[in-house]
Amino acid sequence: MIQAKFNLEESHIHFLEECKAHGFKDKSEVVRNALDKLRLDVEKQELELKESALLYAEVYQGDSELKALTESAITDWPS
C-alpha cells in the first residue's frame, strides 16, 4: 500500500489512538474507511445535483412564464 503524510487535529489523533475500541484493526483502516465513506458521499451529492439540475431544466423548458421572467432579468442585468 502507498503511504501518505498529512496533518490532523488533536481530536482526530485521539480517535485514531482508540481505533481498536471502535472495532478497527489499526489506524490505517480507520482512515481508509473514512475516505471511502467520504468518497461515496461526495459521489452521491454530485449525482443528486445533476438530477436536480435536469429536473430544473425540464421545468424551465415547459414553463413559458418562467422563460419570460428569466429573459427579462437577463436583459436588465448590467454588462
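For the structure, check the block above.
The following refers to the structure shown.

Rules and cut-offs
- Residues numbered from 1 in each chain as written.
- Predicted model: local features only at pLDDT ≥ 70, side-chain atom pairs only at ≥ 80, totals over all residues.
- Heavy atoms only, no water.
- 1 Å grid on protein atoms, 1.4 Å probe; cavity = no way out; pocket = protein on both sides within 12 Å on 5 of 7 lines; lining within 4 Å.
- Points joined across faces, edges and corners; volume = space filled by probe spheres on them.
- Nonpolar A, V, L, I, M, F, W, Y, C, P; charged D, E, K, R; others polar.
- Helix = DSSP H or I, 4+ residues; strand = E, 2+ residues; numbered from the N terminus.
- Salt bridge = Lys/Arg side-chain N within 4 Å of Asp/Glu carboxyl O.
- Buried < 20%, exposed > 50% of the residue type's maximum accessible area, 1.4 Å probe, protein only.

By rolling a water-sized probe across the atoms, one finds the places where empty space is left. Looking at the largest pocket, its volume works out to about 300 Å³. Taken together, Met1, Ile2, Gln3, Ala4, Lys5, Phe6, Ser28, Val31, Arg32 and Leu35 make up the lining of the largest pocket. Among the residues forming the lining of the largest pocket, the class breakdown is six nonpolar, two polar and two charged. Size it by volume and the second largest pocket reaches roughly 200 Å³. Every residue along the wall of the second largest pocket is listed here: Phe6, Leu8, His12, Phe15, Leu16, Val30, Val31, Ala34, Leu35 and Leu38. Those elements giving two or more residues to the lining of the second largest pocket turn out to be helix 1 (10–17) and helix 2 (27–61). Per-element tally for the lining of the second largest pocket: the top contributor is helix 2, with five residues. For the lining of the second largest pocket, the class distribution of residues is nine nonpolar, one polar and no charged.

It is possible for side chains bearing opposite charge to pair when their charged atoms get close. Taken as a whole and judged by the stated rule, the model has three salt bridges. We note a salt bridge from aspartate 36 to arginine 39, for which the minimum N-O separation is 3.7 Å. Separated by three residues within a single helix, aspartate 36 and arginine 39 lie in helix 2, roughly one turn from each other. Given the relative accessible area of 39%, aspartate 36 is considered partly exposed. Across the salt bridge formed by glutamate 43 and arginine 39, the nearest N and O atoms sit 3.7 Å from each other. One end of the pair is glutamate 43 and the other is arginine 39, both in helix 2 and four residues apart, which spans about a single turn. The exposure class of arginine 39 is partly exposed, given its relative accessible area of 43%. Each of Asp36, Arg39 and Glu43 takes part in one network of salt bridges that share partners.

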